[in-house]
Amino acid sequence: MSMKPTRRLSRLIVPGAIGVLLAATGCAGPSAGDSDAVQVGLLANLSGPAATSFGVPFQHGFELALQQAKAAFDDADVKVEIQTQDAKSEVTSAVTGYNKLRQAGAPIVINDSQSPLGQAVAPLANDDKIAFLSGAGSELENKDGFAFRFTDLGTPTTAMGQYLTEHGAKRVGVIVASDNPSFATLADTTEKGLPGGFDSRQEVASTDTDFSAVLANLRDDDVDAVVLSVLPAQAGNLMLQMDQSGGFDHVIRAGTVAISSETYTVAEDAADDFVFPQVWAPGMQGGSSFEKAYADKYDESPTAYSALGYQVGWTVAAAILAADEDGDVDGASLRDAIPAASTSDLVAEHSILSLELTKDGAAVSEGVMASFADDGSMQVASN
Amino acid sequence: MPTSVPALSLEGVSVSYGHVRAVTDVSFTAHPGRVVALLGPNGAGKSTLLRAICNQATKVSGRVTLFGADISTTRTHRITHRGVALVPEGRRVIAPLTVQENLQVAAGGARRLEPRDRTAAIERVYHLFPPLQRLRDRPSALLSGGEQQMVAIGRALVARPDVLLLDEPSMGLAPVMVETIYGFLKEHGATLGETAVVLAEQNRSALAVADEVVVLSRGRVVHAGPASSLPEDVLTEAYLGSATPEPPVPASSGAN
Amino acid sequence: MDFWLQQTVNGIVLGSVYALYASGFGLVMASLRIFHVAHAAVFTWGAVVAWDLTTRLGWPLVATLPVVMLAAGLLNVAAYFLLIRHLLKRQDAELAAFISSMGGLIILVEVAHHLLDGAVERMPAGVFPVSPLELGPVRITTLHATMVVVSIGLIALLAWGMAHTQAGREVRTVAADRETASLLGINVDRVSAGVFFASGALAGLAAAMVATAFNVVSADLGSGYLVIALAAMVVGGFGSVAGALAGGLLIGVASTYATGYLDSSYRDLVVFALLLGFLVVRPTGLFHTRSELARV
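Starting afresh in each chain, residues are numbered from 1 along the sequence in its written order. Chain A is the first chain written and ligand 1 is the first ligand written, with later ones labelled in order. This being a predicted model, a pLDDT of at least 70 is required before a residue's local features are given, and a value of 80 or more before pairs of side-chain atoms are given or counted; all residues contribute to the totals for chains, interfaces and linings. Calculated side-chain values reflect all of the structure's heavy atoms, with hydrogen atoms and water omitted.

Peer 1: How should the interface of chain C and chain B be read in this particular structure?
Peer 2: Bring the parts together and some accessible area is lost; that lost area is often taken as the interface size. What makes two residues a contact is simply this: any of their non-hydrogen atoms within 4.5 Å. On the chain B side, the residues contacting the 22 residues of chain C number 27 residues. Summed over both partners, buried area is the accessible surface (1.4 Å probe) that two parts give up on being assembled. For the pair chain C and chain B, the summed buried area comes to about 2200 Å², and 55% of that belongs to carbon and sulfur atoms. Criterion for a salt bridge: a side-chain nitrogen of Lys or Arg within 4 Å of a carboxyl oxygen of Asp or Glu. Where chain C touches chain B, the interface holds five salt bridges. Here a polar contact is recorded for every N or O atom pair within 3.5 Å, except that within protein the pair must consist of a potential hydrogen donor and a potential acceptor, and residues adjacent in sequence are included only if both atoms are side-chain atoms. Summed over the shared surface of chain C and chain B, the number is 15 residue pairs in polar contact (both at pLDDT 80 or more). Broken down by secondary-structure element, the contributors of at least two residues to the side of chain C that touches chain B are α6 (166-176), α7 (178-183), α8 (188-213) and α12 (290-294) of chain C. The biggest single contributor to the side of chain C that touches chain B is α6 of chain C, with six residues. The secondary structure listing takes helices from DSSP runs of H or I that are at least 4 residues long and strands from runs of E that are at least 2 residues long, numbered from the N terminus.

Have a look at this one:
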């Protein structure tokens, strides 16, 4: 999920200008395939730092959904083609890629992750009247309502607080990587789910490696649960040091949506009983056929981001079908169709996670409490 | 002239600092048990020459031999191991180390003493310079100039060198201290035995303890011969350019 | 009170690592008066070697320590001959050697970056039998206790050796006056190489323990400790091994108190306020060395 702070405005304007130039000179656009087909623009981070965790699994899930939706398209006599551009995990390439998709006539563009990318593309999409679905974690500029975010960090994170209360935690502590605003936000959001708030708040820097002082503070504050709002690897290191220093045997250890499999790589056995919210985890209700189809097609297990791609893929399919039913499939009709489509019967039938896209461009996603299985894979937490 | 193999022999030694020629074509020998006074005014090249013997200045030509063996390109510490000891200009005691530690370093560094003999060798130095005894554990930075000179000479003598090079040992010292410093040279046989000594001084008082004399002026040898028969005009000529015909008194010769 | 005791112990653990790092760094600083920043890279490589031996060959931590110390020591000796030695005769030797050492730091860190593929690696679980110990009200892990004992023991040994052995006197002689040292029969190069070896070996040891205790092996590991080590040296007194120990412990305890009683965001503030305070009130540090006397 996008955790990067907003980049400077100039970095958005320059690539934007380049994009406009490219558009004006008419160069470098992929030719539209079947002129009748609805061109779905997938602006995925297929290379760069966001590729492995976000871009590639998202693309896989998304393509699987549209492939499965083909029957529904055929029934409605709608042709759909996916045009893919690599956003390369950077703003310049994302804007260039977006412009190519616009030239190819795509009425809808989907970008998997990274706030700065979403923030660069959203104003262009609003100007161009192209529906834009983004995995950005931060707010997007959205003057005409064409931009939609499909990530909801708030709801699952708040649910973590509720989970702790339900599991009998009376005194809850938090460790925050305070040099990264995303983790401060996640901690604050978790606190909303706790009636009494945090009883102990410990701040660390993202680069810290020795935690004996903060662990001594937590023991002294006599907490019975600790929320780790830090980078995945640091969360793993914290749990290792908790185990080593002792005194945390009966303390519930909880994470945030930022936790990834990297946490397990660091902590291994020390991550037993660690609970953290995720958008989706293997073993969630109704997900088994998706997991199987995904594994058959790509020869690997889906991740939360594959699931998100799949869910967004079905939402896009439903929106196209709804727009087609009402008339022309263009940016505006898709914009109007998306909120309802996200909770439509078609999506519900194939849904593997709860994801509602609202008219104002936000997302509501309940998520799930996950934990690590013995082999380090994520699973739905047992209770 | 003695007929034995010279302990130290310089043959046509020239030394440069960058583009400046400091010593030109100097030759002389020092024999076991004898003292050679190396006289000359400030800037005549005495220190440079002594440093060149220890390979601490860049020789451009010439040869230095120790008992006939060429040590021209031998590294400084190995020259020391082979029995040459230099008491450098300005004493150069190891300031943070105590008197005892200075002597210990020298006793071990010279490599001529078995570890078990080092203590006795150091005690011999205290015997030679009794004032040092009560200063054993004092950092040598806190000693007076004369006391530092005793440490520096004691350090050079501790391992009984074959060749002892003294660079202006009386410089900056009170006359009474010069007496003490020179004391051991006067009793040469008792203290030094067969050690060959090269004593560089501006002050002609060195002649009192020397067997031979070499007079340097502007980096060249202008006279060499027995110390007892040094013609007065040679020395005067060597010091020409200074205001007085007599060599300057060391204590007041700080200005170059 | 118990809490105070606990945080003090935590501070001593952290401080003992700082001290080990600073004493090696300070040894070179005192002997050659050069700011050998590539020490940070030698530290990093100590961790990398420890990680490699434990991961690839499955060695326990204790078995790797002699090898790590040897490897880091030799790496630092190589750094002396390749980066430092040929510059010492220059007029601006200190600056030239600093810049050269900086170049070495960058190269060694970059190579480590490539080797680790830019990732933060972890020492495998179980390389050292870590279990919590309770000493009265204080908790300490077996690993942390080992770190303190080994660090303080080694530094004490080093301080004793510097004061009372011929090798120690030779090191101090070379530190004070290289030219005179060679006149006294000391092979200055060999002593300098020995100093670099000891310094590197201490860095390697510290790195292997840090990598295990704090679960981190990365190319930037050593660089993070560089400024802290400098602070420890200022507080303890430049060129004094005992000073590096005292300075390291003081900085470690101060930074732990800052985290424990204030907030970790005040930690650097406290450490560097301490550094600046010492520079104003006691610029010679806690243990001022006799070389300061020499300059009176």
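Peer 1: Help me out: how do you make sense of the arrangement of the chains in this one?
Peer 2: Ranking the two pairs of chains in contact by number of contacts places chains B and C first. When C-alpha atoms are compared, chain A and chain B, though not in contact, are closest at a spacing of 38 Å.

Peer 1: In this structure, what is going on with unusual backbone geometry? I would like to understand it.
Peer 2: Both trends apply: most residues other than glycine have a negative phi, and most peptide bonds are in trans. Residue and element names in this part refer to chain B. In this structure, arginine 91 takes a positive phi of about 75 degrees despite not being glycine. As for its position among the elements, arginine 91 is in the loop between β6 (84-87) and α3 (99-109). Here's how the labels work: a residue is buried when its accessible area is under 20% of the maximum for its type, exposed when over 50%, partly exposed in between, all with a 1.4 Å probe on protein chains only. A relative accessible area of 17% means that arginine 91 is categorised as buried.

Peer 1: In this structure, what is going on with the sheet that holds strand β9 (residues 252-254) of chain A? I would like to understand it.
Peer 2: The strands that make up a sheet pair up through hydrogen bonds in the backbone, lying either parallel or antiparallel. Residues and elements named next belong to chain A. Taking strand neighbours across the sheet as the criterion, the four strands line up as β7-β6-β8-β9 in an open arrangement whose pairing is parallel. The open sheet terminates on both sides in strands that have one partner only, identified here as β7 (200-204) and β9. Recorded for the sheet is a direction-independent mean angle of 15 degrees between the axes of neighbouring strands. Note on pairing: two strands pair once DSSP finds at least 2 bridges between them. Of the pairings in the sheet, the one linking strand β8 (residues 225-229) to β9 comprises three bridges and is parallel in character. The partner of valine 227 across the bridge, within β9, is alanine 254. In this analysis, axes come from line fits to C-alpha atoms, helices being fitted only over the stretch in contact, and the angle between any two N-to-C directions falls in the range 0 to 180 degrees. Docked against the sheet, helix α7 (residues 181-192) engages β6 (172-177), β7 and β8, running at close to 165 degrees with respect to β6.

Peer 1: I keep staring at a nonpolar patch on the surface and nothing clicks. Help me out?
Peer 2: All names here are of chain C. Taken together, the side chains of Trp4, Leu5, Tyr261, Leu262, Tyr266 and Leu269 present a nonpolar region at the surface, about 610 Å² in accessible area. Put simply, the parts of the chain that give the nonpolar patch at least two residues each are α1 (2-32) and α10 (241-262). On the secondary structure map, tyrosine 261 appears in helix α10. Accessibility expressed as a relative area gives 45% for tyrosine 261, which makes it partly exposed. Exposure above 30% relative accessible area and no salt bridge define the residues that can form patches, which grow by joining like charges within 9 Å and nonpolar side chains of Val, Leu, Ile, Met, Phe, Trp and Tyr within 5 Å. Note on areas: Shrake-Rupley, 1.4 Å probe, and residue coverage restricted to the protein chains presented here.

Peer 1: Would you mind going over the nonpolar core with me for this structure?
Peer 2: Put simply, buried Ala, Val, Leu, Ile, Met, Phe, Trp, Tyr and Cys residues joined by side-chain atoms within 4.5 Å make one nonpolar core. Core analysis: the largest hydrophobic core is formed by 149 residues, its most contacted members being Leu164, Leu166, Phe184, Leu185 and Leu199 of chain B together with Phe43 and Tyr225 of chain C. Counting residues per element, this core draws most heavily on α8 of chain C, at 15 residues. If we ignore the near neighbours within four places in the chain, the residues touching leucine 166 of chain B are Leu50, Val87, Ile153, Phe184, Leu185, Val197, Val198, Leu199 and Ala200 of chain B. Membership of the second largest hydrophobic core comes to 103 residues, among which are Phe198, Tyr305, Leu308 and Ile320 of chain A.

Peer 1: I keep staring at the domain arrangement of chain A and nothing clicks. Help me out?
Peer 2: Residue and element names in this part refer to chain A. Looking at the assigned domains, one finds that chain A contains domain 1 (16-152 + 284-366) and domain 2 (154-278). In this structure, domain 1 and domain 2 have C-alpha centres spaced 33 Å apart. Between domain 1 and domain 2, the residue contacts involve five residues of the former and four residues of the latter. Together, the buried faces of domain 1 and domain 2 total about 350 Å²; carbon and sulfur atoms form 48% of this surface. On the domain 1 side of the interface with domain 2, the three residues burying the most area are Asp152, Ala304 and Glu366, jointly 84% of the side's total. Viewed at the interface, domain 2 and domain 1 are joined by two residue pairs in polar contact (both at pLDDT 80 or more). For the side of domain 1 that touches domain 2, the per-class residue count stands at two nonpolar, one polar and two charged. Where each domain starts and ends follows an automatic or database-derived domain assignment. Under the scheme applied here, ten amino acids are nonpolar (Ala, Val, Leu, Ile, Met, Phe, Trp, Tyr, Cys and Pro), four are charged (Asp, Glu, Lys and Arg), and all others, including Gly, are polar.

Peer 1: When you look at the packing of α1 of chain C against α8 of chain C in this model, what are you seeing that I'm missing?
Peer 2: The description of two packed helices rests on the angle between their axes and on the distance between the axes. All names here are of chain C. It is at 9 Å that the axes of α1 and α8 come closest, and there the two elements cross at 165 degrees. Regarding the angle of α1 to α8, the classification is roughly antiparallel. Handedness of the crossing formed by α1 with α8: left-handed. On α8, the residues touching Val17, Leu20, Ser23, Gly24, Phe25, Leu27, Val28, Ser31 and Leu32 of α1 are Ser192, Val195, Phe196, Ala198, Ser199, Leu202, Leu205, Ala206, Met209 and Val210. Of the residues that constitute the contact of α1 with α8, the class distribution is 14 nonpolar, five polar and no charged. Roughly parallel refers to an angle under 35 degrees, roughly antiparallel to one over 145, roughly perpendicular to one between 65 and 115, and oblique to any angle outside these ranges. Crossings are sorted by hand: turned counterclockwise from the far helix by less than a right angle, the near helix makes the crossing left-handed, and turned clockwise it makes it right-handed.

Peer 1: Looking at this model, I keep getting lost on the environment of glycine 172 of chain B. Mind explaining?
Peer 2: Looking at the secondary structure, you find glycine 172 of chain B in the loop between β7 (163-167) and α6 (175-186). Note: C-alpha distance between glycine 172 of chain B and glycine 90 of chain B (82 residues apart in sequence) is 9.0 Å.

Peer 1: Where do I start with the sheet that holds strand β1 (residues 8-17) of chain B in this structure?
Peer 2: All names here are of chain B. What the four strands build is an open sheet, ordered β2-β1-β4-β5; its pairing is antiparallel. Edge positions in the open sheet fall to β2 (20-30) and β5 (69-70), since each of these has one partner strand only. As paired elements, β1 and β2 share seven bridges and run antiparallel to each other. In the sheet register, leucine 8 faces β2, and the bridge partner there is alanine 30. Running at roughly 115 degrees to β1, helix α1 (residues 46-53) makes contact with β1, β2 and β4 (59-66) of the sheet.

Peer 1: Teacher, can you tell me more about α6 of chain B here?
Peer 2: Side chains three or four residues apart in an α-helix point the same way, a direct result of the helix having 3.6 residues per turn. Over its 12 residues, α6 of chain B extends 16 Å from the first C-alpha to the last, a length consistent with the 16 Å expected when each residue adds 1.5 Å. Listed as buried for α6 of chain B are Met177, Val178, Ile181, Tyr182, Gly183, Phe184 and Leu185 of chain B. One less than the residue count of a helix, multiplied by 1.5 Å, gives the span that helix is expected to have.

Peer 1: It is not clear to me how a negative patch on the surface should be interpreted in this structure. Could you clarify?
Peer 2: Residues and elements named next belong to chain A. Positive charges are assigned to Lys and Arg, negative charges to Asp and Glu, while His and the chain termini are left out of the count. Charge coordinates come from a single atom per side chain, which is NZ of Lys, CZ of Arg, CG of Asp or CD of Glu. A grouping of Asp77, Asp324, Glu325, Asp326, Asp328 and Asp330 is seen on the molecular surface, where their side chains present a negatively charged patch. Relative to the helices and strands, aspartate 326 resides in helix α12 (residues 304-326). A relative accessible area of 73% means that aspartate 326 is categorised as exposed.

Peer 1: For this particular structure, what's the right way to read the side chain of glutamate 201 of chain B?
Peer 2: Residues and elements named next belong to chain B. Secondary-structure assignment places glutamate 201 in strand β8 (residues 196-201). Despite its burial, glutamate 201 pairs with no opposite charge, the nearest such side chain being lysine 46 at 7.5 Å. Within the structure, glutamate 201 has its side chain in polar contact with the side chain of serine 170 (distance 2.8 Å). Beyond its immediate stretch of four places on either side in the chain, glutamate 201 contacts Leu38, Leu39, Gly40, Lys46, Glu168, Pro169, Ser170, Tyr182, Ala206 and Tyr239.

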